[in-house]
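Coordinates in review
For reference, the chains in residue letters:
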Amino acid sequence: MQKAESIKQKVMPSGDTFASSCNACKQCTPLGACIAFKGLEGVLPMLHGSQGCATYIRRYLISHFREPVDIASSNFSEETTIFGGNKNFNTGIDNIITQYHPRVIAIASTCLSETIGEDVQRLIFEYQKTHNAMPDLPVMIFASTPSYQGTHSEGFHEAVFAAVKTLAESSGPVGDHINLFSNMISPEDIRHLKEIVEDFSIPVVLFPDYSDTLDNTSWDSYRRIPDGGTTVDELKKSAQAYASVELGYILNSGGMNGRIKDNGTKQSAGEFLKGKFDVPLVRTGLPIGILESDKFFEALSSISGKEIPMKYQRQRGRLVDLYIDGHKYVSDKRAVIYGEEDLVVALAAFAAEIGIKPVLCASGGESGKLAGTLREVLGSNYYEDMVVGQGMSFERMEEVMQELKPDLMIGNSKGYYIARKMDIPIVRTGFPIHDRLGAQHAHVLGYEGTMILFEQIVNTLLDDKQRKSPIGYKYM
Amino acid sequence: MLWIRYVCVQLNRATVLWTNEKGDTTMIKEVNNSVSVDDLKKFKEEVLHKYPKKVAKKRDKAILLNDPETPPQIQANVRTVPGIITQRGCTYAGCKGVVLGPTRDIINITHGPIGCGFYSWLTRRNQTKPETETDENFMMYCFSTDMQDSNIVFGGEEKLKQAIREAYELFHPKAIAIFSTCPVGLIGDDVHRVARHMKEEIGDGINIFGFSCEGYRGVSQSAGHHIANNGLFKNLIGRDDEKRGDLKYRVNLLGEYNIGGDAFELERVFEKCGINLIATFSGNSTIQKFENAHTADLNMVMCHRSINYVAEMMETAFGIPWIKVQPIGADSTAKMLRKIGQYFGDQELIDKIEEVIADEMVAVTAAREKALKKTNGKKAMLFVGGSRAHHYQNLFEELGMTTLSAGYEFGHRDDYEGRVVIPTIQIDADSRNIEEITVTKDETRYNPRKTEEELKALEAEGMEFNGYEGLMPQMAKGTLVIDDLSHYEMEKLIELYKPDVFCAGIKEKFCVQKMGVPLKQLHSYDYGGPYAGFKGAINFYEDIEMIACTTIWKELKAPWESETYVEAQYAY
Ligand code: SF4
Ligand code: SF4
């Protein structure tokens, strides 16, 4: 394998230059789509393709969220791959309806159905046509998610877009609510965002809201489809919102870089609503750290014409105070940050503002926008020696890290093995987290979430220091 | 809140037991005591009428009331109906994940888009223990060709070749295996041709081979096992004739994948008995062990479903007889050892085995007696794999627990009804998809380990060769046997019968526990184990005692939600 060439070349070549991926830093598109779909109320997702994909994806999601995640499959056989998935599609939908009576069936394609060129929109159309007499015919949504185009992150945003595109309809005057497209975040962070918007007294359609469906209470009796989620009616009226707020700068725009087939048609949900229904769009990043959170709170403030509630001003104040208390522990530390592109940008902005040097920012995503976005968002905080790697695998990250000698990794569980090899600490955040309890409750957004993240980072560093100290100070 | 308390309960095992000794488990018992085998009859009716007619007709044949004397014919190894949520995985998962995954020194390259390879990266808990620090171990790596749009359109063979070159340059492995995923079959990449080509190009004695294990090819993982077995036989077994180690009592263990260290425990037991384990297929295995496996004198098949093909092929080619063993449960581990003693017929070995059993059983008996107090009379259900749903019944029996219902995820009829039914199994389009290889006697190395007469004599003494009687004969009359249990059926089972323990996997875990029934994962062992052999049995007793008797399940309802609580308040 070509050695990760010249680290001096700060923006590493994209994954294209390597044929294989060894220890990839991304998952496949339908996985992301399934997470987003779980944010719909009364939904049962179905993957159109072989059953293995659904099984693997369920297993992955379940061990992250530690909740039931039911995903059906249209279960292709060899025959299906030759004659098309029409029959399987219909049987699948029939069976889902009789067993689960869902309000929504959300369908994502897989590599297999995409490769044979299934026209799922048409299958849906025909099913609906022949079943239009059926009472309670579920709403059907389709996201095209071949994995050879993009990562789970693109899949997620594609599904968000697909749901909005299918459901949004302009049927009245502009309402008093806003849309909040919240990106791939934890259920706990969804709840926090809702709390913030509520404190501004702004009615909101937050999508996708899997804060209950993927983080439920225990039940006295089993619910086949868990409660919670953004409702179909809410999404319908997303067209009448007076503004959309979208968290994330990159979203599914990776589609524009030419590796994705329907080049140019890739839109985010917010862009779609703006283009079709003139809903003004405000885009900020994921609110992690003070500067990025400020942008989010200011956006809400200017949209609503209200002042930032005292509660959050106090939180901000406490966060600044905490930074002052903790800066001596983190200052000048060298961190490797990896995960989905939007998360990497937000974490890097946060790291830079607390004096941590983001020496390597890596993602399996390949939007082609990571480097530019980092530069723009970090502004004067930009760390000039930062290495930016898109389309990165863990194996290549490790190579680069051997030279960069970082003090800390911030990202998902999959990087653990490098941390272990290099004997540096790792702070787990993002997806997937399979080796710690509580991924569903990870809280990193807003001033409050940042506080928790900051403490976690400081304490992890302190722990590492204590562990490696021959003396074992307990007063640090 | 409940979950946090559950964790605490697990950590403070002693506390739980103490609580239990006060008789605190009554609620769970109440539900169960009312379940009799007779009640199981209504299950079928309840679920079938919910299905569309055609599906009901199909499922009707896969849900049966057992008769151990004359096992009824079950429908197994047929496609899951679209839209029915199944436990099953795909052919690729069975081939790459299960059979070839546990070998540490083969580089496995997944040819396909990123997901398939990623999801099978260290997700099974098969363990490995390199003998020295410098021994090759590629288990931590996930190689994938990460196919992109252009590869789908123009073909991915060149990218695969390049991936092989890169892997070779990086690690210089002795062997590289290529696994095909669904899109590969469709676009017509020929992984076997690429394997041949690259073997020549790299030279250096490297072994490169491919598997056509596209996910859609079979009904479940099972097709992948078969494909993997063929590949093992064609590309690895028999390439090294050197007889290594002790020449006495040479055996292979087939279908043991070292989940949670099971193979380590069995290695320990064999070593203690002086039995020379040549190869395990494939827990804690290496290329050399596979290549050398044909020098063993007895094959023992543990997971019949996933590996019986290798046993058959080795018997035909090299004359090694095989027996079915179940070293899950202390008594059946002892039984396995005695069979080995009987087979080799050497008094020294037989005595040694008895000595080991006696020694091991001291701790086992003590642990069992302690657990029995809590577990006796409780009820279990098992839906997992292609052999575990059977083998683990041994352990539950040892704990005095009854299995109310069981079934496989990817078993075939012979795994339920016994190998006698094999000639009557219909071959359908899905099975025809799997390449059949013809194996003949190896010209120079065929050497029947026992003569016909010797085998007959052993059979007369009660040994059974090439046989497996299946799961049904072990289960009580009237218990429920269900193949390819659907998610929906699982919910019904729990709703109707509330067993004390439900055994399945991670996909089922949280649903079942939300309904207030503890789930024991028998794929990953809930990160515990080993459960095989003697020490494994002790671990299992302790774990089941803990989870089946935990009082947390009583607290799913907050006190103020329960009517009796309110009444009690009035009574005060
Ligand atoms: S085939 Fe595609 S959709 Fe299925 S698991 Fe593999 S990468 Fe994901
Ligand atoms: S694409 Fe095929 S091989 Fe890959 S996970 Fe899905 S079913 Fe299995």
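Residues numbered from 1 in each chain as written. Chains lettered and ligands numbered in written order. Predicted model: local features only at pLDDT ≥ 70, side-chain atom pairs only at ≥ 80, totals over all residues. Heavy atoms only, no water.

Here we look at the overall build of chain A
Let me state the cut-off plainly: Helix and strand definitions follow DSSP, with helices as H or I runs of at least four residues and strands as E runs of at least two, each counted in order from the N terminus. It is over C-alpha atoms that the radius of gyration is taken, and the globule rule equals 2.2 Å times the number of residues to the power 0.38. Only protein chains enter the area calculation, which uses a 1.4 Å probe; residues under 20% of their type maximum are buried, those over 50% are exposed, and those in between are partly exposed. Between two residues, a contact is recorded if the distance between any of their heavy atoms is within 4.5 Å. Charge assignment: positive for Lys and Arg, negative for Asp and Glu; neither His nor the chain ends contribute. Where a charge lies is defined by one atom per residue type: Lys uses NZ, Arg uses CZ, Asp uses CG and Glu uses CD.
Along the backbone of chain A there are 17 helices and 14 strands. Relative to the 2.2 N^0.38 estimate, which gives 23 Å for 476 residues, the radius of gyration of chain A is 22 Å and therefore close to what a compact globule would have. Its C-alpha atoms give chain A principal-axis dimensions of about 75 × 55 × 45 Å. Residues counted as buried form 64% of the 476 residues belonging to chain A. Of all intrachain contacts in chain A linking residues separated by at least 6 positions in sequence, the fraction that spans at least 24 positions is 76%. Across chain A, the 48 positively charged side chains and the 59 negatively charged ones have centroids separated by 4 Å.

Things to note about the site of ligand 2
Rule in force here: Nearness is defined per residue: one heavy atom within 4 Å of the molecule or strand is enough.
Around ligand 2 sit Ser50(A), Gly52(A), Cys53(A), Tyr56(A), Cys90(B), Tyr92(B), Cys116(B), Thr181(B), Cys182(B) and Gly215(B), and those are all the residues in its vicinity. Near ligand 2, the surrounding residues are drawn from chains A and B. By residue number, the principal contributor to the shell around ligand 2 is helix α2 (residues 51-65) of chain A, which donates 3 residues.

A short note on unusual backbone geometry
For residues besides glycine, phi is generally negative; the peptide bonds are generally trans as well. Note that the residue after Phe431(A), namely Pro432(A), is joined by a cis bond; omega there is 0 degrees. Mapped onto the fold, Pro432(A) is located in the loop between β14 (426-428) and α17 (446-468). With an omega dihedral of 0 degrees, the bond running from Phe281(B) to Ser282(B) counts as a cis peptide bond. Inspection of the secondary structure puts Ser282(B) in strand β7 (residues 276-282). A positive phi angle, near 55 degrees, is found at Asn77(B), a position not held by glycine. Within the secondary structure layout, Asn77(B) lies in the loop between β1 (63-65) and α6 (91-100). The phi torsion at Asp204(B) lies on the positive side, around 60 degrees, for a residue other than glycine.

Here's the deal with the pairing of strand β8 (residues 298-301) of chain B
Regular strands have side chains that alternate between both faces of the sheet. All names here are of chain B. What counts is decided by this rule: When DSSP finds at least two bridges between two strands, those strands are taken to pair. Looking down the strands as they point away from the viewer, one classifies a crossover as right-handed if the path from the first strand across the helix to the second runs clockwise.
The two faces of β8 match: Leu298 and Met300 on one face and Asn299 and Val301 on the other face are all buried. By the bridge criterion, 4 bridges tie strand β6 (residues 250-256) to β8 in an arrangement that is parallel. Note that in β8 the partner of asparagine 252 across the bridge is asparagine 299. In the sheet, β8 pairs with strand β9 (residues 322-324) via 3 bridges, with the strands oriented parallel. Paired with methionine 300 across the bridge in β9 is isoleucine 323. On the question of chirality, the crossover connecting β8 to the parallel β9 by way of helix α15 (residues 304-318) is right-handed.

A word on the domain arrangement of chain A
By convention, interface size is frequently given as the accessible area that disappears when the constituent parts associate. All names here are of chain A. What counts, and what does not: The split of the chain into domains comes from an automatic or database domain assignment. Computed with a 1.4 Å rolling probe, the buried area is the accessible surface lost when two parts are put together, summed over both parts. Salt bridges are identified by distance alone: a Lys or Arg side-chain nitrogen within 4 Å of an Asp or Glu carboxyl oxygen. The residue classification treats Ala, Val, Leu, Ile, Met, Phe, Trp, Tyr, Cys and Pro as nonpolar and Asp, Glu, Lys and Arg as charged. All others, Gly included, are polar.
Domain annotation for chain A reports domain 1 (2-15 + 290-298 + 311-468) and domain 2 (29-284). Each of domain 1 and domain 2 has a C-alpha centre, and the two are 29 Å apart. In this complex, domain 1 contributes 36 residues to the contact, which on the side of domain 2 involves 41 residues. When domain 1 packs against domain 2, the two sides together hide about 3,100 Å² of surface, and 59% of this comes from carbon and sulfur. A per-residue breakdown of the area domain 1 buries against domain 2 is headed by Phe296, Phe431 and Gln440, which together make up 24% of the total. Applying the counting rule to domain 1 against domain 2 returns 2 salt bridges. Measuring nitrogen to oxygen at the nearest pair gives 2.5 Å for the salt bridge that ties lysine 311 to glutamate 195. Breaking the side of domain 1 that touches domain 2 down by element, the ones donating at least two residues are α11 (289-304), α12 (310-330), α13 (341-353), α14 (370-378) and α17. With 4 residues, the single largest contributor to the side of domain 1 that touches domain 2 is α11. Partitioning the side of domain 1 that touches domain 2 into residue classes produces 14 nonpolar, 11 polar and 11 charged.

Concerning the site of ligand 1
Around ligand 1, the surrounding shell consists of Cys28(A), Pro30(A), Cys53(A), Thr110(A), Cys111(A), Ser147(A), Pro113(B), Gly115(B) and Cys116(B). Neighbouring residues of ligand 1 are not confined to a single chain but are spread across chains A and B. In terms of residue class, the shell around ligand 1 is made up of 6 nonpolar, 3 polar and no charged.

Some points on the domain arrangement of chain B
Residues and elements named next belong to chain B. Where we set the bar: Polar contacts here mean pairs of N or O atoms no more than 3.5 Å apart (in protein, one a potential hydrogen donor and the other a potential acceptor; neighbouring residues in sequence count only if both atoms are side-chain atoms).
In terms of domains, chain B is made up of domain 1 (91-217) and domain 2 (250-368 + 425-468). Distance between the C-alpha centres of domain 1 and domain 2: 29 Å. Opposite the 17 residues of domain 1 that make contact, domain 2 presents 17 residues. When domain 1 packs against domain 2, the two sides together hide about 1,500 Å² of surface, and 52% of this comes from carbon and sulfur. On the domain 1 side of the contact with domain 2, Val99, Gln127 and Arg217 bury the most area, a combined 33% of that side's loss. Taken together, the connections running from domain 1 to domain 2 amount to 0 salt bridges. Applying the counting rule to domain 1 against domain 2 returns 10 residue pairs in polar contact (both at pLDDT 80 or more). Of the residues in the side of domain 1 that touches domain 2, the class split is 5 nonpolar, 4 polar and 8 charged.

So, the sheet that holds strand β10 (residues 334-338) of chain A
All names here are of chain A. Quick note on the threshold: Fitted lines through C-alpha atoms serve as axes, helices being fitted only where they are in contact, and the angles separating the N-to-C directions of these axes extend from 0 to 180 degrees.
Pairing is parallel in the open sheet, where 5 strands are placed in the order β12-β11-β10-β13-β14. Bordering the open sheet on either side are β12 (387-389) and β14, each of which pairs with just one other strand. Each adjacent strand pair in this sheet contributes to an overall mean axis angle of 20 degrees, direction not counted. As paired elements, strand β13 (residues 408-411) and β14 share 3 bridges and run parallel to each other. Bridging across to β14, glycine 411 finds its partner in arginine 428. Against the sheet, α13 engages β10, β11 (357-362) and β13, with an angle of about 160 degrees to β10. Sitting on the sheet, α14 is in contact with β11 and β12, with an inclination near 135 degrees to β12.

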